[in-house]
Amino acid sequence: MTTNGWLQIGLFCILILALARPIGTYLTLVFERRRTWLDPIFAPIEKLLYAATGVAPDEEMRWTEYLVSMLMFSAVTAILTYLVERLQGHLPWNPQHLPGVAPDLAWNTAISFTTNTNWQAYTPETTMSYLTQMVGLATHNFWSAAVGLALAIAFIRGIARKEMKTLGNFWVDMTRGILWVLLPLSTLLAVALVSQGVIQNFKPYDTAKLVEAQKVTATGTDGKSTTTDVTTQSIAQGPVASQEAIKMLGTNGGGFFNANSAHPFENPTPFSNLLQMLAIFLIPAGLTVTLGQMTGSPRHGWAVFSAMAVLCLAGVLTAYWAESQPSPLLAGTSQTASATQAGGNMEGKEVRFGIANSALFATVTTDASCGAVNAMHDSFTPLGGMVPLVNILLGEIIFGGVGAGMYGMLIFVILSVFIAGLMVGRTPEYLGKKIEAYDIQMAMLYLLIFPLVILGFAAVAVLSPTLGLSSLTNHGPHGLSEILYAYASATGNNGSAFAGLSANTHWYNATLGIAMFIGRFLMLIPMLAIAGNLAAKKSVPATAGTFPVTTPLFTILLTGVIVIVGALTFFPVLALGPVLEHLLMAAGKSF
Amino acid sequence: MSTHEHRNRKSLFDPNIMRRASVDALVKLNPQTMMKNPVMFVVEVGSVLTTILLISDTLRHVGHFGFDLQITLWLWFTVLFANFAEAMAEGRGKAQADALRKAKAETTAFRVGKAGIEEVPSSQLRAGDVVQVVAGQMIPGDGDIIEGVASVDESAITGESAPVIREAGGDRSAVTGGTRVLSDMIKISITSNPGETFLDRMIALVEGAERQKTPNEIALNILLAGLTIIFLLAVVTLQPFAMYSGAPQTVFVLISLLVCLIPTTIGGLLSAIGIAGMDRLVQHNVLATSGRAVEAAGDVNTLLLDKTGTITIGNRQASEFVPAPGVSSGQLADAAQLSSLPDETPEGRSIVVLAKEQYGLRGRELANLNAVFVPFSATTRMSGLDMDGRSIRKGAVDAIANYLQEMGSSLPAEVRASVETIARSGGTPLVVAENGRALGVIHLKDIVKGGMKERFEQLRAMGIRTVMITGDNPLTAAAIAREAGVDDFLAEAKPKDKMDLIKREQAEGKLVAMTGDGTNDAPALAQADVGVAMNSGTQAAKEAGNMVDLDSNPTKLIEIVAIGKQLLMTRGALTTFSISNDVAKYFAIIPAMFAGVFPVLNQLNIMQLHSPESAILSAVIFNALIIVALIPLALRGVSYKAMSAAALLQKNLLVYGLGGIIVPFIGIKAIDLLIVAVHLA
């Protein structure tokens, strides 16, 4: 661990802290339909869109209507993406003449992008045309993020409103989220990324002549090996910057290239790396401020922010520490950081980012449900790799995905208030709303679905040599981590992969697809049900007897509940995975 | 707190109750009973599974008999301990119900019919019947006295041995079946049918026969059931992961892990906490018609308290003599005392007492004074006496002013000023005049009960607003409110105003508690979230409220709120404790499960437990014993002092949250040392 590393991590934290309030305030203005300085540009467009689509912007929706609108929208856009993928061979902007995508992969990808997961069971540059990338995938980056944002706002309204049956209008929230928030921010970010060297073009792939010809030996089907001289390399091109910006801002994470943000055309410099990490946390951090403002308790927003920050820092510190440790397997060689070496584990990491920025990026991308990577999580040390895994298993509520992190966190807030709220001698209240049986029923349902899908599928996978285990390249505890990570990433709609698992099989495509679907849409139902129920409740005015949700003590309580209720469910399997692997590695055994 | 010491209460841990509870714990093993408690039902199913497996393993000579047997036994103990806790909580109520049943014995009623009085068994009385009861007889049923006045021994119900006066009309007309008339004769209009009497309801309540889960208890049960399912999932899927890792587990170990992780501590004690909360109310001589009312008491935001009898002692008292210019205070005191000698009202008596205390004026015998008493009349609105040429009058300022005017005199400005000062300070001024000359003013004062100010401060700290209800004018009310330290007051209050205030508060989302005794209080008692009717009040009031205070002590409302809060706090504390316990249990069991195959995992055995068997056994034993250890806490409730929610949370999180994490580490280690020492593992 180096001073430089700490400074870079510190800088990131300070910038997020500084950006949270302005962005959160802006979000409040946008979703409360108050005046913003972008109104002159977007207000006419908004009006036009409503007129064209027949949306009545002042018509409020009950939670069920909100849910149905959201599901309908997701279904239609998923089918659209499926069709574009299948038909890309007949459509323009396909200079590489890539054929239509196979049905199962097209389905998997459509679901993956609709659910904001961006799990990529394919290599983009050899599978998807420019049109598919832009119309089929990049648009989902906007839509799925706007959907998440709308849902979080609806949930916050549920807390803030008193004796009302409605949560807002889904179409209005969607439209305003895209026009006022995602479009301008991603345009700014795209320009900034281009300035750092991220490419933006529609050119066919470049062919470069290799400085040194390579001999490649391949074994044919007849068992004979043939050696060929390779003198050129094909270098993929494309409209990267525009997709890169929303990939981060919308916590989507689906890379234009297979190497994702480790690729120099996606993430060329340490500064672009900082911008990308900031973009991941920007809206989720801002939403904590929005929560405080819309519910009339700014300090509550900061208490939630603090709980997120504590958990985030714990993750970063663990990952950075673990990755900086000398490997016991290389005992006897110098492994301390110096001018000539990074010190610690550099496998799978980009030299331009180093250990600190790789550990930070891995933590941030899994705290949020982004899933973009600038280093290979599979190559992390066991404990370093456990950090992203645990982040996802906690439900990606540490700032979390755009919107999804906020409502996931609020479920834990409600749970914390309920568990400890009784200790002040009143039936639990959250910001004036009594937490009753129905709310707890729905919250428990939300919490139950998540481990059910992850542990259920993973347990079946590890029992089946043909379905689950045949995809493993590593065995032992590391193999267990890989399988667990895949299902956690899919269910949590993260989309990052603990590489090493060949996921492009019928079994994994099918089950991971189901996991993504359930992780997004099934978990939404109880969440919105709580929001609708809370909105209809009376609000009890706050007194000295009211459970405090604004204090540091509440932050500690919330953090404790997340760790004990959220993480302990997975403690046994983690003990057999990364923890065991770490202890075995210390004893000189690796996988 | 006033009277319940009188009754011969059973202690919480009376040997008879313990004996009865031990038997009940076994009876409660019935799966149909257990199903109502999802957490403990899972433990029972686990116990049955391990028992079957233990038998089959033994017959096939496989397994580790000693370990498996101990696990099985402790799992059964876990279930039994939880049942025992519930039975203990029910114990005192059951004993009390037995005592009440004796009071319900069949008596002969003397029904007043058209053809005169007829003798019928008390069980045949219907609502609307009129009965006559004479001294020495048992009152045959609940009702209101319609004729007569009597002293009644209500000790069978209240435990209070001093007789109480019950009389026709007014707010002290209600009598309860099973109580005894000690003097005089009364006629009672019966208000309840057989099986629906107050005594019947009371028996059902203290026995918990009609006990239904309260809203918060239902919510908590859902949380616990949800956690149980999540941990069930974690344990069921652990076996595949263990098999993948080459370390499959026995069913005994997996069930042990499950039982340790699911919230058995709170699951086992939850219903005991609820029953004990009701029981604590009963010990305070308050009967709640539902557990919901007790919970609501904890949530109350606003307390409506009647001034008279609750905040102030029943009557005004003379506190000061303010003489007119040129009159000595001794002169004034003398005249005041004389005019009050024949006045038997409490105010009159207090004037005599004050004169004696301040000026040493001894009471004089009226008969020796040759005086003529002038009683208070509605037209003159004065009272006084004439003797030896002295004509003394006292009364309200307007009345005396009129009187003086008639005598060709007038009220001096200084006296008027004194009158106003007294009124503004919350007192009632009485002007004294002698032979057409105003002597001065007697200050009659409402006396705020001792310690009320402190209690209101405590309530304020808990976020509860107190509103004083009084018929006084706003000026007087404001002064008393200030002196008593209540947050607000409702002056010149009529029953409708009270009702409106409750509705207004409720519209703001607040919960309101009040006490009442009169029939005109009944609508407000029904509207309030917590309506405590005085046992001495009318039947209508008692039926409208959701609690009845057998001691008829309106101040007790504050204690009721505290009991409600304590009930909720006990639930929260034990839930937090139970969930926090899991951390240590993981550290005991997980290394024990896998250290056999992966010795490196022993590094997680931070408690340094002796062996995998001793570790698992210790965790299971701790899990069972902690239920027993916490029974006293569950039954008595966590200690409770009035303080703000923030302070309470901090204190309880430290004790039950942090304590819940630390205690099992110590407990499991201690049990491990013990069972290794006695060679059980």
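Structural notes, computed from the coordinates. (Residues numbered from 1 in each chain as written. Chains lettered and ligands numbered in written order. Predicted model: local features only at pLDDT ≥ 70, side-chain atom pairs only at ≥ 80, totals over all residues. Heavy atoms only, no water.)

1. What to know about the overall build of chain A
Helix and strand counts for chain A stand at 18 helices and six strands. Scaling as 2.2 N^0.38, a compact globule of 591 residues should have a C-alpha radius of gyration of about 25 Å, and chain A matches this with 24 Å. Dimensions of chain A, computed from the C-alpha atoms along their principal axes, are close to 80 × 60 × 45 Å. Each of the 591 residues in chain A was classed as buried or not, and the buried ones make up 62%. Counting contacts in chain A only where the partners sit at least 6 residues apart, residues at least 24 apart contribute 78% of the total. Accessible surface computed for chain A: about 20,700 Å², of which carbon and sulfur atoms make up 66%. In chain A, which carries 27 positive and 29 negative side-chain charges, the distance between the mean positions of the two groups comes to 9 Å. (Helix = DSSP H or I, 4+ residues; strand = E, 2+ residues; numbered from the N terminus. Rg over C-alpha atoms; globule rule 2.2 N^0.38 Å. Buried < 20%, exposed > 50% of the residue type's maximum accessible area, 1.4 Å probe, protein only. Contact = heavy atoms within 4.5 Å. Areas by Shrake-Rupley, 256 points an atom, 1.4 Å probe, with all protein chains shown as cover. Lys, Arg positive; Asp, Glu negative; His and termini not counted. Charge placed at Lys NZ, Arg CZ, Asp CG, Glu CD.)

2. With respect to the sheet that holds strand β18 (residues 465-469) of chain B
Residues and elements named next belong to chain B. The strand order across the open sheet built from seven strands is β10-β22-β21-β20-β11-β18-β19, with neighbouring strands paired in mixed fashion. Here the strands that pair on one side only, and so sit at the sheet edges, are β10 (286-288) and β19 (488-490). Each adjacent strand pair in this sheet contributes to an overall mean axis angle of 20 degrees, direction not counted. Bridge analysis of β18 against β19 gives three bridges, and the strand direction is parallel. The residue bridging Ile469 from the neighbouring strand is Leu490, located in β19. (Pairing = 2+ DSSP bridges. Axes fitted to C-alpha atoms, helices over the stretch in contact; angles between N-to-C directions.)

3. What to know about the interface of chain A and chain B
Between chain A and chain B, the contact holds 59 residues from the first and 64 residues from the second. Here chain A and chain B share an interface that buries about 5,200 Å² over both sides, 80% of which is from carbon and sulfur atoms. Taken as a group, Leu422, Met423 and Leu576 of chain A account for 14% of the area that chain A buries against chain B, more than any other trio of residues on that side. Linking chain A with chain B are one salt bridge, by the criterion used here. Residues Lys434 of chain A and Asp299 of chain B are paired through a salt bridge, measuring 3.5 Å at the closest nitrogen-oxygen approach. If you look at where chain A meets chain B, you find 13 residue pairs in polar contact (both at pLDDT 80 or more). Listed by contribution, the elements that provide at least two residues to the side of chain A that touches chain B are α13 (404-421), α14 (437-463), α15 (476-491), α17 (552-568) and α18 (571-586) of chain A. (Buried area = accessible area lost by both parts, 1.4 Å probe. Salt bridge = Lys/Arg side-chain N within 4 Å of Asp/Glu carboxyl O. Polar contact = N/O pair within 3.5 Å; in protein donor to acceptor, adjacent residues only side chain to side chain.)

4. Here we look at a nonpolar patch on the surface
Residues and elements named next belong to chain A. On the surface, a cluster of nonpolar side chains totalling about 450 Å² of accessible area is made up of Met1, Trp6, Leu313, Leu317 and Trp321. The greatest single-element share of the nonpolar patch, amounting to three residues, is contributed by helix α10 (residues 298-324). In this structure, Leu313 sits in helix α10. (Patch = residues over 30% accessible without salt bridge, like charges linked within 9 Å, V, L, I, M, F, W, Y side chains within 5 Å.)

5. Regarding the state of the cysteines
Residues and elements named next belong to chain A. For the structure on display, the rule yields zero disulfides over all chains. The structure places no disulfide on Cys13, whose sulfur is separated from the nearest cysteine sulfur, that of Cys312, by 6.2 Å. Accessibility expressed as a relative area gives 29% for Cys13, which makes it partly exposed. (Disulfide = S-S within 2.5 Å.)

6. A short note on the environment of Lys538 of chain A
Here Lys538 of chain A shows up in the loop between α16 (506-535) and α17. Taking the C-alpha atoms as reference, Lys538 of chain A lies 51 Å from Gly479 of chain A; in sequence the two are 59 residues apart. Filtering out sequence-adjacent residues up to four positions away, Lys538 of chain A remains in contact with Glu163, Gly432 and Lys433 of chain A together with Gln506 and Gly509 of chain B. A polar contact of 3.2 Å, which involves the side chain of Lys538 of chain A, links it to the backbone oxygen of Gln506 of chain B.

7. Some thoughts on the pattern of salt bridges
A complete count under the given rule lists 46 salt bridges over all chains for this structure. Of the charged contacts in the structure, one is a salt bridge between Lys247 of chain A and Glu266 of chain A, with a shortest N-O distance of 2.6 Å. You can see Lys247 of chain A sitting in helix α8 (residues 240-249) and its partner Glu266 of chain A sitting in the loop between α8 and α9 (270-294), a full 19 residues away along the chain. Classification of Glu266 of chain A as buried rests on a relative accessible area of 0%. The partner of Lys28 of chain B in a salt bridge is Glu90 of chain B, with the nearest N and O atoms 3.2 Å apart. With a gap of 62 residues between them, Lys28 of chain B in the loop between α1 (15-27) and α2 (31-34) and Glu90 of chain B in helix α4 (residues 65-103) connect regions that are remote in the sequence.

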